[in-house]
Amino acid sequence: MKPVLRVQLSLMMFLEYFIKGAWFVTLGTYLIKSLNASGMEVANIFATQSLGAVFAPFFVGFVADRYFNAERVLSALHLIGAALLYGMSQAPDATHFYPYVFVYFMAYMSSLSLSNGIAFRHIEDAKKYFPGVRVWGTIGWICSGLVISYLFRWDAPESIQAGALHNTFIMGAVCSLLLAFFSLALPKTPPQVKLRDEKFDFGKAIGLDALKLLKQRSFLIFFCNSNCHLYSHFVLLSKCEPIFGQRRNTEPHSKNGVGAIFRSHLPAVDSIFL
C-alpha cells in the first residue's frame, strides 16, 4: 500500500473515532450533572446509538452505494454532524437534547460504514493492511480521553460542576468539521452499483443477504461475541463515567480511554475460537 494512501486512511480513522470519543464517554455525566436528566431520559438518549445503527444500512444501501461518491457522502454527513454536535452543546435540557443526538447518530453510524467501505475499496490486501489502518481509530478514541483529562481537564470534579463538559461537544464539532473537509481529499470512491445494469434488490440493499453468513461457524461465533461485547460496551459507557464522578476519581475519561487498549486485544481472543 502506498504511504500517502496509508496516511490518508489512517487519519480518516483517527478523526472518525476521536469525534465520538470526544463527547460520548462523558455523556452520562453531562446528562445527569448539567442537564439534570432522569434515568429514563439517559437510557433513551443512549439508545439513539442503536437506532442509528438500524438506520445506517438503509441510508448506505439506498443512497451512498447507488448515487454518490462515498467520500462526498462522508463529507456531507460530518458537516451535518458538526452542526448537530454544536446544537447538543447548546441544548438546555434532555428534552431538547434528544432530537439532536437522535439525528446525529443516524448520520454518524452511516459514516462508520462509509469509512470502512472507503478503506476496503482502496486497500488491495485488506487482510494484511486494514488492521494497521483501523487501529488508528482506537488511537483516536484514546487520544480524545487524554486531551479532555490532561490537556483541558474538563472531566475534573470542579470543572464538571462549572459545566465545562459542554465543551466536549464543541471539540467534537470542530473535529467533525475538519473531517468533513478532509474527506474531500480522500481517494475517489464512486458507487459500485450500476443502476442501469443491476436490478434493485431491497434485501441486498439493507444487507439481509449477509444473514447467510450465520451458517458459517466462525461467523456465528463472531456475531454472538460482538453482541455480547457491544452490550457490555453500552453499559460501560453509560454507567462508568457517572460512577467515577460520584467517587471523585480524577481523569475518568483518560482511564476509560486506556481501557480501549485492552478491549482492542479482544479479537486476538476471538481468533482462538474462530
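Being a predicted model, the structure only gives us computed values, none of them experimental. (Residues numbered from 1 in each chain as written. Predicted model: local features only at pLDDT ≥ 70, side-chain atom pairs only at ≥ 80, totals over all residues. Heavy atoms only, no water.)

Asks: It is not clear to me how the overall build of the chain should be interpreted in this structure. Could you clarify?
Replies: Tallying secondary structure elements over the chain gives 12 helices and 0 strands in all. In the chain, 82% of the contacts between residues at least 6 apart in sequence involve partners at least 24 apart. Carbon and sulfur atoms make up 66% of the accessible area of the chain, which amounts to about 14,400 Å² in all. (Helix = DSSP H or I, 4+ residues; strand = E, 2+ residues; numbered from the N terminus. Contact = heavy atoms within 4.5 Å. Areas by Shrake-Rupley, 256 points an atom, 1.4 Å probe, with all protein chains shown as cover.)

Asks: I would appreciate a short explanation of a nonpolar patch on the surface in the present structure.
Replies: On the surface, Leu79, Leu177, Phe181 and Leu184 cluster together into a nonpolar patch covering about 390 Å² of accessible area. If you trace the backbone, Leu79 turns up in helix H4 (residues 70-90). (Patch = residues over 30% accessible without salt bridge, like charges linked within 9 Å, V, L, I, M, F, W, Y side chains within 5 Å. Salt bridge = Lys/Arg side-chain N within 4 Å of Asp/Glu carboxyl O.)

Asks: Just checking my understanding: could you explain the packing of helix H1 (residues 3-23) against helix H5 (residues 94-122) for this structure?
Replies: Angle between the axes and distance between the axes are the two parameters that describe a pair of packed helices. At a minimum axis separation of 11 Å, H1 and H5 run at an interaxial angle of 160°. Here H1 lies roughly antiparallel to H5, going by the angle between them. Every pair of crossing elements has a handedness; the one defined by H1 and H5 is left-handed. Here H1 contributes Leu5, Leu9, Met12, Met13, Glu16, Tyr17, Ile19, Lys20 and Trp23 to the contact with H5, which in turn contributes Val101, Tyr104, Phe105, Tyr108, Ser111, Leu112, Ser115, Asn116, Ile118, Ala119 and His122. Split into classes, the residues belonging to the contact of H1 with H5 amount to 14 nonpolar, 4 polar and 2 charged. (Axes fitted to C-alpha atoms, helices over the stretch in contact; angles between N-to-C directions. Parallel < 35°, antiparallel > 145°, perpendicular 65-115°, else oblique. Left-handed = near helix turned anticlockwise from the far one by under 90°. Nonpolar A, V, L, I, M, F, W, Y, C, P; charged D, E, K, R; others polar.)

Asks: Hey, could you run me through the confidence of the model for the chain in this one?
Replies: Low pLDDT means the predicted coordinates in that region are not meant to be read closely. Scored by pLDDT, the chain comes out at a mean of 83, with 77% of its residues at no less than 70. Summarising per-element confidence for the chain, the mean pLDDT is lowest in helix H12 (residues 266-273) (46) and highest in helix H8 (residues 166-183) (97). Across residues 267-274, where pLDDT falls below 50, the model places 6 contacts with residues more than four positions away in sequence or in other chains. (pLDDT = per-residue confidence, 0-100.)

Asks: Got a minute to help me understand the nonpolar core in this structure?
Replies: Within soluble globular proteins, side chains that are nonpolar tend to cluster in buried spots. Counting 61 residues, the largest nonpolar core has Met12, Trp23, Leu27, Leu31, Phe97 and Tyr104 as its most contacted members. Of all elements in the fold, only H1, helix H2 (27-34), helix H3 (39-64), H4, H5, helix H6 (126-152) and H8 reach the threshold of two or more residues within this core. The biggest single contributor to this core is H5, with 12 residues. Residues within four places of Leu31 in sequence aside, it is in contact with Asn36, Ala37, Val42, Ile45, Phe46 and Phe97. (Core = buried A, V, L, I, M, F, W, Y, C linked by side-chain atoms within 4.5 Å. Buried < 20%, exposed > 50% of the residue type's maximum accessible area, 1.4 Å probe, protein only.)

Asks: Mind showing me how you'd approach the side chain of Asp155 here?
Replies: Relative to the helices and strands, Asp155 resides in the loop between H6 and helix H7 (157-161). At a separation of 2.7 Å, a polar atom in the side chain of Asp155 contacts the side chain of Ser149. (Polar contact = N/O pair within 3.5 Å; in protein donor to acceptor, adjacent residues only side chain to side chain.)

Asks: Can you walk me through the packing of aromatic side chains in this structure?
Replies: For any pair of aromatic rings, the description rests on two quantities: the centre-to-centre distance and the angle between the ring planes. Inspection of every chain in the model, using the stated rule, returns 17 aromatic pairs. Aromatic pair Phe120 and Phe130: ring centres 4.3 Å apart, planes at 20°, arrangement stacked. Residue Phe120 is found in helix H5, and its partner Phe130 is found in helix H6; the two are separated by 10 residues along the sequence. Taken together, the aromatic side chains of Trp23, Phe24, Tyr30, Phe46, Phe97, Tyr104, Phe105, Tyr108 and Phe169 make up a single cluster linked through ring pairs. The lysine or arginine in question, Lys20, covers the ring of Phe24, its NZ or CZ lying 4.7 Å from the ring centre. Just above the ring of Tyr17 sits the side chain of Arg134; from NZ or CZ to the centre is 4.2 Å. (Phe/Tyr/Trp six-rings, centres within 6.5 Å; stacked < 30°, edge-to-face > 60°. Lys NZ or Arg CZ within 6 Å of the ring centre and 35° of its normal.)

Asks: I would appreciate a short explanation of unusual backbone geometry in the present structure.
Replies: At Asn36, a position not held by glycine, the phi torsion is positive, near 55°. Tracing the sequence through the fold places Asn36 in the loop between H2 and H3. A positive phi angle, near 55°, is found at Arg153, a position not held by glycine. You can see Arg153 is positioned in the loop between H6 and H7.

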